[in-house]
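Structural overview
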Amino acid sequence: MTQYHSKPVNKQGFVDWSDDENSIWHDLVVRQQKVINNRACKAYLDGLDLLNLPIDEAPQLPDINRILVKETGWKVEPVPALISFDKFFALLADRKFPVATFLRSREEFDYLQEPDFFHEIFGHCAMLTNPDFASFTHTYGKLGRSADSKRRVYLARLYWFTVEFGLLKENGETKIYGGGILSSPGETVYSLDSEKPLRESFDLQTVLRTPYRIDIMQPIYYLLDNLKELYRLSQVDLIEQVDVAMKAQLLPPLFKAKEVTNAE
């Protein structure tokens, strides 16, 4: 359940954002711009330049789509605040990235569990201009669309530790490409600067078997050598790898076992 409801989209694909919502968008963007420049990967920053998102008002989906279609053939698709896994995977398989057309309230300005318009647009859309990232996300959608519910749970971990909370190596430095990090000022700093989390080289089997929680700063992040590794992942038989991981079972969680929410 969610307190949020997506705003309607007119026939031209535009949302009638209120002055207050435009103000919230402005404040979210300005706050996040202060922490990403030296921490986000080059592909993300290049994508953000291509999108040229407005600062003083929330962007409109047709403007974003013109860039995405030109660069990688993707589009953003307006959806209700929450959608089913079936709908989520079907959209990705059709190169459509789901975007809930609501913005968080001032009361939940720092954190909310639901992915809002800022998270989806500012966090994710810049990476969708990158061909390797876009190819991986498309393949992931096609696999998830045809997978059963048990396999989808394991695939969700792959998405979590790449698209949402992925790090990579770039010119000898660790950089961020995951949208879940790049839409959160706290986790943007924590993921790179804190001594608390582990940062491990990306290993597919380990990722598939790592429990996670959505309501805490992540205790572990996985680093790609580069974004080409995502493309190579899209060429692997991921369902076969999921079956191997299912037989091996989950690794011990890096948080209290009683707090595991997605380990079944």
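Before reading on, note that the structure itself is shown above.
Presented here is a report on the structure given in the accompanying data block.

What the rule picks out here adds up to zero disulfides. No disulfide involves Cys41; its sulfur sits 14 Å from the nearest other cysteine sulfur, which is in Cys125. Residue classification places Cys41 among the buried positions, given a relative accessible area of 0%. The class of Cys125 is buried, set by a relative accessible area of 0%.

A separate point is the layout of surface pockets. Taken as a whole, the largest pocket holds about 1,400 Å³ of empty space. The wall of the largest pocket is formed by 49 residues, among which Gln113, Pro115, Trp160, Glu164 and Ile214 lie closest to the centre. Of all elements in the fold, only α4 (85–93), β2 (96–100), α5 (117–124), α7 (149–164) and α9 (185–193) reach the threshold of two or more residues within the lining of the largest pocket. Considering every element that reaches the lining of the largest pocket, the biggest residue donor is α7, with eight residues. Here the residues of the lining of the largest pocket are counted per class, giving 26 nonpolar, eleven polar and twelve charged. In this structure, the second largest pocket occupies an estimated 160 Å³ of space. Mapped onto the lining of the second largest pocket, the elements with two or more residues apiece are α1 (19–36) and α2 (42–51). In the lining of the second largest pocket, the residues fall into eight nonpolar, three polar and one charged.

Glancing now at α5. Counted residue by residue, α5 has eight buried out of eight residues, so it is predominantly covered. By the burial criterion, the buried members of α5 are Phe117, Phe118, His119, Glu120, Ile121, Phe122, Gly123 and His124.

Attention now goes to unusual backbone geometry. As a rule of thumb, non-glycine residues mostly have phi less than zero, and peptide bonds are mostly trans rather than cis. Even without being a glycine, Asn52 presents a positive backbone phi close to 50°. Relative to the helices and strands, Asn52 is located in the loop between α2 and α3 (61–72). Take Asn52: its relative accessible area is 62%, and that puts it in the exposed class. Despite not being glycine, Arg95 has its phi angle at roughly 55°, a positive value. Looking at the element boundaries, Arg95 is found in the loop between α4 and β2. The class for Arg95 is partly exposed, based on a relative accessible area of 36%.

What follows concerns the sheet that holds strand β5 (residues 198–201). One open sheet holds the four strands; their spatial order is β4-β3-β6-β5, and the pairing between them is mixed. Of all strands in the sheet, those bounded by a partner on one side alone are β4 (173–176) and β5. On average, adjacent strands in this sheet sit at an angle of 40° to one another, irrespective of strand direction. Sheet analysis places strand β3 (residues 167–170) next to β4, joined by four bridges and oriented antiparallel. Across the sheet, Lys169 pairs through a bridge with Thr174, a residue of β4.

The rules behind the values
- Residues numbered from 1 in each chain as written.
- Predicted model: local features only at pLDDT ≥ 70, side-chain atom pairs only at ≥ 80, totals over all residues.
- Heavy atoms only, no water.
- Disulfide = S-S within 2.5 Å.
- Buried < 20%, exposed > 50% of the residue type's maximum accessible area, 1.4 Å probe, protein only.
- 1 Å grid on protein atoms, 1.4 Å probe; cavity = no way out; pocket = protein on both sides within 12 Å on 5 of 7 lines; lining within 4 Å.
- Points joined across faces, edges and corners; volume = space filled by probe spheres on them.
- Helix = DSSP H or I, 4+ residues; strand = E, 2+ residues; numbered from the N terminus.
- Nonpolar A, V, L, I, M, F, W, Y, C, P; charged D, E, K, R; others polar.
- Pairing = 2+ DSSP bridges.
- Axes fitted to C-alpha atoms, helices over the stretch in contact; angles between N-to-C directions.

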